[in-house]
Amino acid sequence: MNLLKAVAYFSKLDDAALEGIARSAICQVYDGGQVVLLEGEPGAGLYFVESGWLKAIKIGMDGREQVLERLGPGRPFNAISVFTDAPAQATVTALESAKVWVVQKEVLLKTMDEYPALAREVVKDLASRVMHLVQMVEDLSLRSVEARLARLLLEQAEGEVLLRQRWDTQAEMAARLGTVPDMVNRALRKLVEDGLILVERHQIQILDKEGLMIAARVMEE
């Protein structure tokens, strides 16, 4: 049950509710590159990640990917399908070896009826996802690749360092920023030349946070 409590949706449920959810949950294991959920197909229920990293993507007619979200431990996905009866809205693939659990739709809906706290957490999460998508639309339509990259580095860094997983290539970064690898490479070089960052094999160091914030058009609160 500690695993379920790590998921924001279930963090405020009592042991009886958690036991009911746990009994219905099905564990699935994926290798890096495997498809977990395919856009347009019905989902089995609410998914959440125990370990590993996944990505939710939309694929264009030309085959190019746009990453909507990265999904790490404790992160739920496919909520829209559960609550609207719509098919999966995005394709989810594993970036590395990952363990994923699926909670059956009927069990989740029944638990929501019995525990308003769960419903509140669901609404809160869905609202945050809408805000994320609105921000993504703003970035893609109003900001340059360099500004989008600077914002991404600021958001993802822990302290002054952004650690890079082995799968965190320039192609993956381009898919997150809605561009192509060549443009990411140019933007990285520009930020390096301006003395804002230092790019190393397994990490990116922020050398001038204030300058990077200006490049991202981010104002400090």
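Being a predicted model, the structure only gives us computed values, none of them experimental.

What follows covers the overall build of the chain. Secondary structure summary: the chain contains nine helices and eleven strands in total. Its C-alpha atoms give the chain a radius of gyration of 19 Å, near enough to 17 Å, the size a compact globule of 221 residues would have. Overall, the chain is about 55 × 40 × 30 Å in size when its C-alpha atoms are taken along their principal axes. Expressed as a percentage of the 221 residues in the chain, the buried residues total 43%. Long-range contacts, defined as pairs at least 24 residues apart, comprise 69% of the intrachain contacts of the chain with a sequence gap of at least 6. With the model as given, the accessible surface of the chain reaches about 12000 Å², and the carbon-plus-sulfur share is 54%.

Here the structure, examined in full by the defined rule, presents three aromatic pairs. On the numbers, 6.1 Å between centres and 75° between planes, the contact of F10 with F48 is edge-to-face. Of this pair, F10 sits in the loop between α1 (2-5) and α2 (15-24) while F48 sits in strand β3 (residues 45-51), and the two are 38 residues apart along the sequence. The pair formed by F10 and F48 is uniform in burial state, with each residue classed as buried.

This paragraph deals with the environment of L140. Position of L140 among the secondary structure elements: in helix α5 (residues 116-142). Between the C-alpha atom of L140 and that of G178, which follows or precedes it by 38 residues, the distance is 6.8 Å. With residues up to four places along the chain from it excluded, the contact list for L140 reads Q66, R148, L177 and G178.

The next subject is α2. Buried within α2 we find A17, L18, I21 and S24. Projected down its long axis, α2 carries its buried residues within an arc of 125°, all on one side. Exposed positions of α2 whose direction lies more than 90 degrees from the buried face are A16 and R23. At its buried positions, α2 is contacted by α1, β1 (26-30), β8 (98-104) and α4 (105-114). Near the N-terminus of α2, the side chain that reaches the backbone nitrogen of A16, with its oxygen 3.2 Å away, is that of D14.

Per-residue confidence for the chain gives a mean pLDDT of 90, with 98% of residues at or over 70. For the chain, the element scoring lowest by mean pLDDT is α1, at 81; strand β7 (residues 91-94) scores highest, at 96.

Strand order in the open sheet formed by three strands is β9-β11-β10, and the pairing between neighbours is antiparallel. Each edge of the open sheet carries a strand with a single partner, namely β9 (161-163) and β10 (197-199). Taken over all neighbouring pairs, the strand axes of this sheet differ in orientation by 15° on average, direction set aside. Of the strand pairs in this sheet, β9 and strand β11 (residues 203-206) are connected by three bridges, and their pairing is antiparallel. Paired with L162 across the bridge in β11 is I204. Along the sheet, helix α6 (residues 145-156) makes contact with β9, β10 and β11, crossing β11 at roughly 95°.

Calculation notes
Residues numbered from 1 in each chain as written. Predicted model: local features only at pLDDT ≥ 70, side-chain atom pairs only at ≥ 80, totals over all residues. Heavy atoms only, no water. Helix = DSSP H or I, 4+ residues; strand = E, 2+ residues; numbered from the N terminus. Rg over C-alpha atoms; globule rule 2.2 N^0.38 Å. Buried < 20%, exposed > 50% of the residue type's maximum accessible area, 1.4 Å probe, protein only. Contact = heavy atoms within 4.5 Å. Areas by Shrake-Rupley, 256 points an atom, 1.4 Å probe, with all protein chains shown as cover. Phe/Tyr/Trp six-rings, centres within 6.5 Å; stacked < 30°, edge-to-face > 60°. Arc of directions from axis to C-beta. Polar contact = N/O pair within 3.5 Å; in protein donor to acceptor, adjacent residues only side chain to side chain. pLDDT = per-residue confidence, 0-100. Pairing = 2+ DSSP bridges. Axes fitted to C-alpha atoms, helices over the stretch in contact; angles between N-to-C directions.

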